[in-house]
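Survey of secondary and tertiary structure
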Amino acid sequence: MSLRRPDPAAVAEAELVARLRAGDEAAFVALARRHQATMLRLAAAFVPSTAVAEEVVQDTWLAVLRGIDGFAGLSSFKTWLLRILVNRAKSTGMSEARSVAIEDVGPALDRSRFDATGAWMSPPRHWIEESEDRLLATGLRERLELALKRLPQRQRAIVILRDVDGLSGEEVCGVLGVTASNQRVLLHRARGHLREAVEEFIEP
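Below you will find a few notes about this structure. (Residues numbered from 1 in each chain as written. Predicted model: local features only at pLDDT ≥ 70, side-chain atom pairs only at ≥ 80, totals over all residues. Heavy atoms only, no water.)

**What to know about the packing of aromatic side chains**
Just so we agree on the cut-off: Here the aromatic set is Phe, Tyr and Trp, taking the six-membered ring for Trp, and pairing holds for ring centres within 6.5 Å; pairs whose planes are under 30 degrees apart are stacked, those over 60 apart are edge-to-face, and all others are tilted. Comment: elements are numbered from the N terminus, with helices defined as DSSP H or I runs of at least four residues and strands as E runs of at least two. Only protein chains enter the area calculation, which uses a 1.4 Å probe; residues under 20% of their type maximum are buried, those over 50% are exposed, and those in between are partly exposed.
Inspection of the entire model under this criterion finds four aromatic pairs. Seen in terms of ring centroids, F28 and W61 are 5.3 Å apart; in terms of plane orientation they differ by 80°. Their pairing is edge-to-face. Highlighted residues: F28 in helix 2 (residues 25-44) and W61 in helix 3 (residues 50-67), separated in sequence by 33 residues. By relative accessible area, F28 is classed as partly exposed at 22%. With a centroid separation of 4.9 Å and an interplanar angle of 35°, the aromatic rings of F71 and W80 are classed as tilted. The exposure class assigned to F71 is buried, which follows from its relative accessible area of 10%.

Printed below as a string of structure tokens:
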């Protein structure tokens, strides 16, 4: 029976966390570099501006520095960090006040277009390779960014964590405090709305 090899990235992060506990400033800088971009993207899903998102991120790091000794390692450091971030972002009171019951209602898109994990069964055609005008890429990016901003908060947060930052479904559940089934439904709906934005742009 072979033993699973430790994930080098997880080992490196654990070492940085241990150094941070010991007051190593360089470890803090290294951890900030690893996670800053993800934190800003996720904070922006809950607050109305980049400036507020930056404030939430700074506040989160202060909370981490104050509470690092309380990190028990029951989840990954990243999950713990992002859970703090989400709580801080919500507590600012600056995001649009929409109840969960209202923000997540609405008909789901055709489930036959997605597999059990919420991935597309038939992704959009390779429009970049087929297009004669590569400037379409800029226009599509703008359309996707607008579609992403229009998603309800939790859908936006989930698609950012899963599809932009590559977190697993289990990690997303830990960060956002949702069940596995809710995570799948919200991801399915978010991806569906984004796919519609792509298709409307490519094939109006």
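**Examining the side chain of R191**
For the record, the criterion: For this analysis, a polar contact is any N or O atom pair within 3.5 Å, provided that within protein one partner can donate a hydrogen and the other can accept it, and provided that sequence-adjacent residues contribute only side-chain to side-chain pairs.
Within the fold, R191 resides in helix 10 (residues 180-202). Residue classification places R191 among the buried residues on the basis of a relative accessible area of 12%. One polar contact links R191 to D163, side chain to side chain, over a distance of 2.6 Å.

**A short note on the nonpolar core**
Selection criterion: We define a nonpolar core as any set of buried Ala, Val, Leu, Ile, Met, Phe, Trp, Tyr and Cys residues linked to one another through side-chain atoms lying within 4.5 Å.
Of all hydrophobic cores here, the largest spans 47 residues; its most connected members are L42, F46, W61, F77 and L176. When contributions to this core are tallied by element, the ones reaching two or more residues are helix 1 (8-21), helix 2, helix 3, helix 4 (77-91), helix 8 (153-164), helix 9 (169-176) and helix 10. In terms of residues, this core owes the most to one element, helix 4, which gives eight residues.

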